[in-house]
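Coordinate inspection notes
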Amino acid sequence: MSYAQRKDLSGNRTISIIFTAVVVGGLMYAIVTGLAYNVIKKSVQDLKTFNVEEQPPPPEPPPPPPKDMPDVPPPPVTPPPLVTTVAPPPPITTVTAPPPQIPQVVPAPPAPPPPPPPHKTQSASPSRGDVRTAFSNDDYPASAIAAGAQGTAQARLTIGPTGQVVGCDLIRSTGNGALDSATCNILRRRVKFVPAKDSNGNPTTDSYTTPPITWVLPEE
């Protein structure tokens, strides 16, 4: 055999060995890979179905028995002293009678004011003019002459619907009672008035103020 033939045979053998090694390596890789996959899969399944049970703690050891204690007698008990409680006397209740109820008297409502008089169209006037003409020296009271009294009086008269003087109030006094009384008496008896008239022409009540009436002692 020539050198060239031996060289070709040597090259073919090398290729065959390499090919065989590749095929065997691939098979071994596949086998190893498949086995590893199955092992991992089974491990996962085992992990899924594995139950972990917690072990209970061990029981505590019983306490040691107590040592023998000497018998100690209990301390003597002294009863409390007897205390005599004196009950207080019952309270004295004073019953006060309520004051008598006085019924309240409701005052009657005031009377309504009188209706205003109708409007006057004519005032009362003396029928003889000056009222002082009704007085004379003969009317001088004797007691006033004896006392030497004299003075001036003035009166406010109330004139009725008939013209009669129905009221006399002195608004100025002479200072002598006899002269004041004589003034009103003469005015009531002797003086007549034309009565006042209202807006309907009917006689009505009115008032009148006299001029000053002076009393002078008569000459002897």
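Scroll up a little and you will see the structure.
Residues numbered from 1 in each chain as written. Predicted model: local features only at pLDDT ≥ 70, side-chain atom pairs only at ≥ 80, totals over all residues. Heavy atoms only, no water.

**Digging into the overall build of the chain**
Across its full length, the chain holds three helices and nine strands. If you list the helices and strands of the chain from N to C, you get α-β-β-α-β-β-α-β-β-β-β-β. Here the analysis covers contacts within the chain between residues at least 6 apart in sequence; of these, 73% occur between residues at least 24 apart. (Helix = DSSP H or I, 4+ residues; strand = E, 2+ residues; numbered from the N terminus. Contact = heavy atoms within 4.5 Å.)

**Regarding the state of the cysteines**
In this structure the tally under the stated criterion is one disulfide. Here Cys168 is linked by a disulfide to Cys184, with a sulfur-sulfur distance of 2.2 Å. Between Cys168 and Cys184, the S-S dihedral sits near -70 degrees, and the bridge is therefore left-handed. With Cys168 in strand β4 (residues 165-172) and Cys184 in helix α3 (residues 177-190), this residue pair connects regions lying 16 residues apart in the sequence. As far as burial versus exposure is concerned, Cys168 and Cys184 are alike and both buried. (Disulfide = S-S within 2.5 Å. Buried < 20%, exposed > 50% of the residue type's maximum accessible area, 1.4 Å probe, protein only.)

**Observations regarding the nonpolar core**
With 22 residues, the main nonpolar core has Leu157, Leu187, Phe193 and Trp215 as its most contacted residues. Among the secondary structure elements, those contributing two or more residues to this core are β3 (151-159), β4, α3 and β9 (213-215). For this core, the leading source of residues is α3, giving five residues. (Core = buried A, V, L, I, M, F, W, Y, C linked by side-chain atoms within 4.5 Å.)

**Remarks on the side chain of Asp206**
Examined against the element boundaries, Asp206 turns out to sit in strand β8 (residues 206-209). Its relative accessible area of 6% is what places Asp206 among the buried residues. A distance of 2.8 Å separates a polar side-chain atom of Asp206 from the backbone nitrogen of Ala124. (Polar contact = N/O pair within 3.5 Å; in protein donor to acceptor, adjacent residues only side chain to side chain.)

**Looking at a nonpolar patch on the surface**
A grouping of Phe19, Val23 and Leu27 is seen on the molecular surface, where their side chains present a nonpolar patch of about 310 Å² in accessible area. In this fold, Phe19 is placed in helix α1 (residues 3-48). With relative accessibility at 58%, the residue Phe19 sits in the exposed group. (Patch = residues over 30% accessible without salt bridge, like charges linked within 9 Å, V, L, I, M, F, W, Y side chains within 5 Å. Areas by Shrake-Rupley, 256 points an atom, 1.4 Å probe, with all protein chains shown as cover. Salt bridge = Lys/Arg side-chain N within 4 Å of Asp/Glu carboxyl O.)

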